Amino acid sequence: MVGLLIRQGEAGEPSQYKCYQDCKLISDCFDLHFAFRKTSAGYNLTNLFVGSEGTLGIITKATLKLYPIPEAMLSAVCHFPAEGPAVDTTVQILQCGIPVARIEFLDDVQMKICNKFSGLAYPQSPSLFLEFHGSPSSVEEQAKLAGEIVQTNSGSDFQWATKAEDRNRLWKARHDIFYACLAYRPGCRALITDVCVPISNLPEMIVKTKEDINTTNIPGPIVGHVGDGNFHTVLLTLTDEEFEQAKQLTDRMVERALSLSGTCTGEHGIGLGKRDWLVKEIGHDGIAVMKQLKSALDPRGIMNPGKIFSHI
């Protein structure tokens, strides 16, 4: 699992901890493991492999940085009248430098789906799930400051949890998302999207995406690792016609992200489906450089052939 996440360059929920981007790697060809904290010796080969989707080689070992369990942990959930205020709150919390450990966004459709699947009773409105780590006093201060920002954006009071079992219950809606979505529309085919934009452009990106989804009859809940500017939609289709509509929604979403100085994929990778979008994002010269690197490290083209770009 760790190798998969490194290969994709995924960060997942945490916004405070960036394990996979900072990992040290060892491949069968050369050692990328460093015991020192910084270096300027040559090219950064570690980050060349992180997110390469298995096209450059096989990662055989990885050394990950372990973080100690925080002295205090506090989870909180709050709800908003619309998507805009919820995402604005995220931006303002980050701009104020509050060291939030996790901050996740679920829209009203996603909250409705999670309530039904997990037997919860959250308001069916756009919501933020947050977590704060540190000493008891620092966690209290972080939560207080974040709560003030929530209030200025018409958000609800926090629902708090400090004990592990209570925190897990609070986060249950977030962790059950994929299965909840499939159960919401039995027999559906799910198309999961993935884009990432600068934090300052995230409110516009999510609001316009929501408006676009609402022009169709396809259920499309939105969930976001908004602390990173990254979010996903789960487009639940039943027919071939709906699936084609979903692909068009995805294309418009990617185009919107690129127009807002974002990227076509925040963590799921290019694979086969976004090869054309990669060209639009980095240009033909960027693709040419990548192909030269691919040829140097995989001259026979046997490592995940066809992924990222069509041919060498």
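What you are looking at is a predicted structure, and each value in this text was computed from that prediction instead of being measured. (Residues numbered from 1 in each chain as written. Predicted model: local features only at pLDDT ≥ 70, side-chain atom pairs only at ≥ 80, totals over all residues. Heavy atoms only, no water.)

Along the backbone of the protein chain there are 10 helices and 11 strands. When burial is assessed residue by residue, the protein chain has 48% of its 312 residues classed as buried. Partitioning the intrachain contacts of the protein chain with sequence separation of at least 6 by distance along the chain shows that 72% fall at a separation of at least 24. (Helix = DSSP H or I, 4+ residues; strand = E, 2+ residues; numbered from the N terminus. Buried < 20%, exposed > 50% of the residue type's maximum accessible area, 1.4 Å probe, protein only. Contact = heavy atoms within 4.5 Å.)

If you check the backbone angles, Glu 53 has positive phi at about 60 degrees while not being a glycine. Within the element layout of this structure, Glu 53 appears in the loop between α2 (45-49) and β3 (59-63). The buried category is assigned to Glu 53, whose relative accessible area is 6%. In this structure, Ile 308 is a non-glycine residue whose phi angle is positive, near 75 degrees. Tracing the backbone through its elements, the reader meets Ile 308 in the segment after α10 (275-297).

A word on helix α6 (residues 164-175). One full turn of an α-helix is made of 3.6 residues, so residues set three or four places apart face in the same direction. Residues Arg 167, Leu 170, Trp 171, Ala 173 and Arg 174 constitute the buried set of α6. Relative to the axis of α6, the buried residues are bounded by an arc of 125 degrees and lie together on one face. Those residues of α6 that are exposed and angled more than 90 degrees off the buried face are Glu 165 and Asn 168. (Arc of directions from axis to C-beta.)

With respect to the helices and strands, Lys 163 occurs in the loop between β7 (159-161) and α6. With 90 residues separating them along the chain, Lys 163 and Met 73 place their C-alpha atoms 8.1 Å apart.

So, on to helix α3 (residues 83-95). Between its terminal C-alpha atoms α3 stretches 19 Å, which fits the 18 Å expected from 13 residues at 1.5 Å a residue. Buried residues belonging to α3 abut β5 (100-106), α4 (108-118), β6 (127-134), α5 (136-152) and α8 (202-213). Once α3 finishes, Gly 97 follows within two positions and takes phi at roughly 75 degrees, a positive value. (Expected span 1.5 Å × (residues − 1).)

Here the focus is the nonpolar core. Within the largest apolar cluster, 47 residues are counted, with the highest numbers of intra-cluster contacts made by Ile 93, Phe 105, Leu 128, Leu 130, Phe 132, Met 205 and Phe 231. Sorting elements by how many residues they give to this core places helix α9 (residues 240-259) first, with 6 residues. Counting 19 residues, the second largest nonpolar core, distinct from the first, contains Leu 120, Tyr 122, Leu 170 and Val 223. (Core = buried A, V, L, I, M, F, W, Y, C linked by side-chain atoms within 4.5 Å.)

The next thing to look at is the pattern of salt bridges. Following the criterion strictly, the structure yields 12 salt bridges and no others. The closest approach of N and O atoms between Glu 204 and Lys 208, which form a salt bridge, is 2.8 Å. One end of the pair, Glu 204, and the other, Lys 208, are both in helix α8, 4 residues apart, so they sit about a helical turn from each other. Residue Glu 244 is joined to Lys 247 by a salt bridge in which the shortest nitrogen-to-oxygen separation is 3.0 Å. Here the residue Glu 244 and the residue Lys 247 both occupy positions in helix α9, the gap between them amounting to 3 residues, near one helical turn. (Salt bridge = Lys/Arg side-chain N within 4 Å of Asp/Glu carboxyl O.)

In terms of residue burial, strand β4 (residues 72-79) counts as a mostly covered element, since 8 of its 8 residues are buried. The alternating pattern of β4 places Ala 72, Leu 74, Ala 76 and Cys 78 and Met 73, Ser 75, Val 77 and His 79 on opposite faces, both of which are buried. Here 8 bridges tie β4 to β6, and the two strands are oriented antiparallel to one another. Note on β6: the bridge partner recorded for Met 73 is His 133. When β4 meets β7, the two strands line up antiparallel, connected through 3 bridges. Looking at the pairing, Val 77 lines up with Gln 159 of β7. (Pairing = 2+ DSSP bridges.)

Among the structural elements, Thr 237 can be located in strand β11 (residues 230-237). Setting aside residues no more than four positions away along its own chain, Thr 237 makes contact with Arg 185, Cys 188, Arg 189, Ile 218, Glu 242, Phe 243 and Ala 246.

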